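# Examination of the molecular architecture
The primary structure of each chain is shown beneath.
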Amino acid sequence: MLASRTLLSKQTLAVLSRQPACFVHHGDHGNWGNTNIAVVFSGCGWWDGTDVHEGVYTMYHLSRNGARFQIFAPNQQQMHVMDHMKKQPGSGENRNMMMESSRFSHGQGMMQMQDLSKLDVNSFDAVIFPGGQGVTKNLSSFVKDGKDCKLQSDVERVLKDFHRSRKPIGLASMAPVLACRVLPSIEVTMGYERDENTRWGNWPHTSMVQAVKSMGASHNVREPYEAYVDEKNKVVSTPSFMWETDYHYHYIFDGIGNMVKHVMRMSTK
C-alpha cells in the first residue's frame, strides 16, 4: 500500500511539473480561476483610447493573482483618432472602440473581446476600468462638458449595477471621473492636487481632481505606486498615468498591482 501511494505521488508530481505555471499558481487571493473580472476598454492608445501600459498591467496583475478576465468595450465609433507622434487628431479617419480594444486580446479575438452592452453584473465578481484619454472622449463627454459630462449608456449602467450589487470597482488614472459622476459620495485618488514638477515626473491633469470634487467625491492624495481603497463603496483607485514620467513605468506597474490586489481581496468577501 505504501509503495502504491509513493508511486501515485510521483506520478502526480510528474503531471504537475508538465503543466503551465498558471495551473499550479493559486495567486494571493483564492484558487486560480475562481474569480472572474470584467475589464472595460475604450480603444487602444493613451490619446484616444485605453492606455496600453495600464491595460496590459491590469491583465498581467489579474493573471498573476489567479483571476480569469473578460475584455469589454462599447461597439461604437470613438471620438477621433489621434496621431500619437504629433499628439493631434488625424484627418478623415475614425475607428470602432471594440475593434481597437481587441488589439489587447492575444489571438483569441471574439472569445476575449465582447460588446460592453453584453456585460452582465451577475456573471462577474468585479469590474476594472483602466485609464487613458478614451475615458474622457469615448466613455464620457468629459473632454467637452467637464464636471457636467454624460457617460456612455452602458458605462453608466455597468458602474451602477456593480455598485448596487456591492461588487468591487477598480479605476486607474482618469477612470475615477466615470464613477464620481454617477456614484454618490465615493472616495478616490487621482494622485496629487497640484502639479509638482520634479526630476522624476509631473502631474499635468490636476484640473480633473477639482472636477471630481465638484461632483461630490472625496479626493485623497496618493503616489503613482499606491492605491486608495474606499471600503464602504468597494471602489479602488490608483493614480497611474495621471503622473507623467519619461521612464519610471515601474511605479505605474506597482500602483495598478496594488489596485488589482485590493479588488481581488474584496471580491472574495
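Residues numbered from 1 in each chain as written. Predicted model: local features only at pLDDT ≥ 70, side-chain atom pairs only at ≥ 80, totals over all residues. Heavy atoms only, no water.

## Focus: the overall build of the protein chain
Of the regular secondary structure elements, the protein chain holds 10 helices and 11 strands. For the protein chain, with 269 residues in total, the buried portion stands at 52%. Residue pairs in contact within the protein chain that sit at least 24 positions apart in sequence constitute 72% of those at least 6 positions apart. Summed over its atoms, the accessible surface of the protein chain is roughly 13000 Å², and 50% of this surface lies on carbon and sulfur atoms. (Helix = DSSP H or I, 4+ residues; strand = E, 2+ residues; numbered from the N terminus. Buried < 20%, exposed > 50% of the residue type's maximum accessible area, 1.4 Å probe, protein only. Contact = heavy atoms within 4.5 Å. Areas by Shrake-Rupley, 256 points an atom, 1.4 Å probe, with all protein chains shown as cover.)

## Some remarks on the pairing of strand β9 (residues 218-221)
By the bridge criterion, three bridges tie strand β8 (residues 187-191) to β9 in an arrangement that is parallel. For Glu187, the partnering residue across the bridge sits in β9 and is Ser218. (Pairing = 2+ DSSP bridges.)

## A few points about the side chain of Glu54
When you line up the elements, Glu54 lands in helix α3 (residues 52-64). Side-chain polar atoms of Glu54 contact the backbone nitrogen of Gly131, separated by 2.7 Å. A polar atom in the side chain of Glu54 sits 3.4 Å from the backbone nitrogen of Phe241. When sequence neighbours within four positions are dropped, the list of residues in contact with Glu54 reads Trp46, Pro130, Gly131, Gly132, Ala172, Ser173, Ser240, Phe241 and Ile256. (Polar contact = N/O pair within 3.5 Å; in protein donor to acceptor, adjacent residues only side chain to side chain.)

## Some thoughts on the packing of aromatic side chains
Tallied over the entire structure, the rule returns 10 aromatic pairs. On the numbers, 6.5 Å between centres and 40° between planes, the contact of Trp203 with Trp243 is tilted. Of this pair, Trp203 sits in the loop between β8 and α9 (207-214) while Trp243 sits in the loop between β11 (235-238) and α10 (249-267), placing them 40 residues apart in sequence. On the basis of relative accessible area, Trp203 is assigned to the buried category, the value being 3%. On the basis of an interplanar angle of 45° and a centroid distance of 5.5 Å, the ring pair of Tyr225 and Tyr251 is categorised as tilted. Linking Tyr225 in the loop between β9 and β10 (228-230) with Tyr251 in helix α10, this pair joins segments that are 26 residues apart in sequence. An aromatic cluster is built from Tyr192, Trp203, Tyr225, Trp243 and Tyr251, whose rings are joined through pairwise contacts. (Phe/Tyr/Trp six-rings, centres within 6.5 Å; stacked < 30°, edge-to-face > 60°.)

## Considering α10
Taking 1.5 Å as the rise per residue, α10 with 19 residues should run 27 Å; its terminal C-alpha atoms sit 27 Å apart, in good agreement. Within α10, burial applies to Ile252, Gly255, Ile256, Gly257, Met259, Val260, Val263, Met264, Met266 and Ser267. (Expected span 1.5 Å × (residues − 1).)

## Here's the deal with the pattern of salt bridges
Within this structure, the stated rule accounts for 10 salt bridges. A salt bridge links Glu100 to Arg103; the nearest nitrogen and oxygen atoms lie 3.4 Å apart. The residue Arg265 makes a salt bridge to Glu231 at a minimum N-O spacing of 2.7 Å. One end of the pair, Arg265, is in helix α10; the other, Glu231, is in the loop between β10 and β11, and 34 residues separate them in sequence. Taken together, the salt bridges that share partners define one network made up of Asp154, Arg157, Asp161 and Arg164. (Salt bridge = Lys/Arg side-chain N within 4 Å of Asp/Glu carboxyl O.)

## Points about the nonpolar core
Core analysis: the biggest nonpolar cluster contains 70 residues, and Leu119, Phe129, Leu159 and Met259 have the highest contact counts within it. By residue number, the principal contributor to this core is α10, which donates seven residues. Each residue touching Phe129, except ones within four places of it in the same chain, is listed here: Val40, Leu139, Val155, Val158, Leu159, Gly170, Leu171, Ala172, Ala175 and Leu178. (Core = buried A, V, L, I, M, F, W, Y, C linked by side-chain atoms within 4.5 Å.)

## Things to note about the sheet that holds strand β5 (residues 113-115)
Strand pairing in a sheet takes place through backbone hydrogen bonds and is either antiparallel or parallel in direction. Spatial ordering of the open sheet is given by β5-β2-β1-β6-β7-β11-β10, a layout of seven strands whose pairing is mixed. Edge positions in the sheet fall to β5 and β10, since each of these pairs with one other strand and no more. Across the sheet, the axes of successive neighbouring strands diverge by a mean angle of 25°, strand direction being ignored. Here six bridges tie strand β1 (residues 35-40) to strand β2 (residues 67-73), and the two strands are oriented parallel to one another. (Axes fitted to C-alpha atoms, helices over the stretch in contact; angles between N-to-C directions.)

## Some thoughts on the pairing of β11
Judged by which residues are buried, β11 turns out to be covered on both faces: Val235 and Ser237 on one side and Val236 and Thr238 on the other are all buried. Pairing geometry for strand β7 (residues 169-172) and β11, over four bridges, is parallel. Its bridge partner being in β11, Gly170 is matched across the sheet by Val236. Across three bridges, β10 lies against β11 in antiparallel orientation. Across the sheet, residue Tyr228 finds its bridge partner in β11, namely Ser237. The antiparallel pairing of β10 with β11 creates a hairpin that spans four residues between the two strands, and Lys234 there sits at a positive phi of about 55°.

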